[in-house]
Amino acid sequence: MFLAFRMLLLLLLLVVVIVLQVYLSRRKAWWPGLVLPVLEVAYSVFAIISAIVGYYAVYGEGVEVTASFIGDLFLAFFQCNILTLVLLAIYFFCRRKGRQKRQLDKMNIQDL
């Protein structure tokens, strides 16, 4: 029961974030729609850095930089930024729709 409640709460939070992104992307200014994606990228960088620092704090030694480690970092960064890609897709879709609407309004005004 508790797991179902947590999943429902997470789904509700995701819907709220997407609705907020649509609202911010439809604003006249271009920058409000980029706030959430930038925050998400900053969070993912923070999460990766804190994981490396946490490894050092637990084991008392630095992480050995190998090709496998770098690949894991890129994979973790990509996984953390899946929501960023979704938010950017919403942003560009809403901006394109708004631009098309403005051009159509402009043509209708010129036809008068």
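No experiment lies behind these values; they were computed from the predicted model shown.

Rules behind the numbers
Residues numbered from 1 in each chain as written. Predicted model: local features only at pLDDT ≥ 70, side-chain atom pairs only at ≥ 80, totals over all residues. Heavy atoms only, no water. Helix = DSSP H or I, 4+ residues; strand = E, 2+ residues; numbered from the N terminus. Rg over C-alpha atoms; globule rule 2.2 N^0.38 Å. Contact = heavy atoms within 4.5 Å. Areas by Shrake-Rupley, 256 points an atom, 1.4 Å probe, with all protein chains shown as cover. Lys, Arg positive; Asp, Glu negative; His and termini not counted. Charge placed at Lys NZ, Arg CZ, Asp CG, Glu CD. Axes fitted to C-alpha atoms, helices over the stretch in contact; angles between N-to-C directions. Left-handed = near helix turned anticlockwise from the far one by under 90°. Nonpolar A, V, L, I, M, F, W, Y, C, P; charged D, E, K, R; others polar. Patch = residues over 30% accessible without salt bridge, like charges linked within 9 Å, V, L, I, M, F, W, Y side chains within 5 Å. Salt bridge = Lys/Arg side-chain N within 4 Å of Asp/Glu carboxyl O.

Enquirer: Mind showing me how you'd approach the overall build of the protein chain here?
Expert: Regarding its fold elements, the protein chain presents 4 helices and 0 strands. Listed by position from the N terminus, the elements making up the protein chain come as α-α-α-α. Taking 13 Å as the expected radius of gyration for a compact globule of 112 residues, we find that the protein chain reaches 20 Å, considerably beyond that expectation. Based on the C-alpha atoms only, the size of the protein chain along its principal axes is roughly 75 × 40 × 20 Å. Long-range contacts, defined as pairs at least 24 residues apart, comprise 68% of the intrachain contacts of the protein chain with a sequence gap of at least 6. Accessible area for the protein chain stands at about 9200 Å²; split by element, carbon and sulfur atoms hold 73% of it. Considering the protein chain, the positive charge centre built from 11 side chains and the negative charge centre built from 6 side chains are found 21 Å apart.

Enquirer: Help me understand the packing of helix 2 (residues 35-59) against helix 3 (residues 67-80) in this model?
Expert: In helix packing, the relevant descriptors are the interaxial angle and the interaxial distance, both defined with respect to the helix axes. In contact at an axis separation of 9 Å, helix 2 and helix 3 are set at 145° when each is read in the N-to-C sense. The element helix 2 and its partner helix 3 pack so that their crossing is right-handed. Residue-level contacts link Glu40, Ser44, Val45, Ile48 and Ile52 of helix 2 to Phe69, Leu73, Ala76, Phe77 and Cys80 of helix 3. The residue inventory of the contact of helix 2 with helix 3, partitioned by class, reads 8 nonpolar, 1 polar and 1 charged.

Enquirer: What's the story with a positive patch on the surface in this structure? I'm lost.
Expert: A surface patch of positive charge is lined by Lys28, Arg96, Lys97, Arg99 and Arg102. Tracing the sequence through the fold places arginine 99 in helix 4 (residues 82-111).

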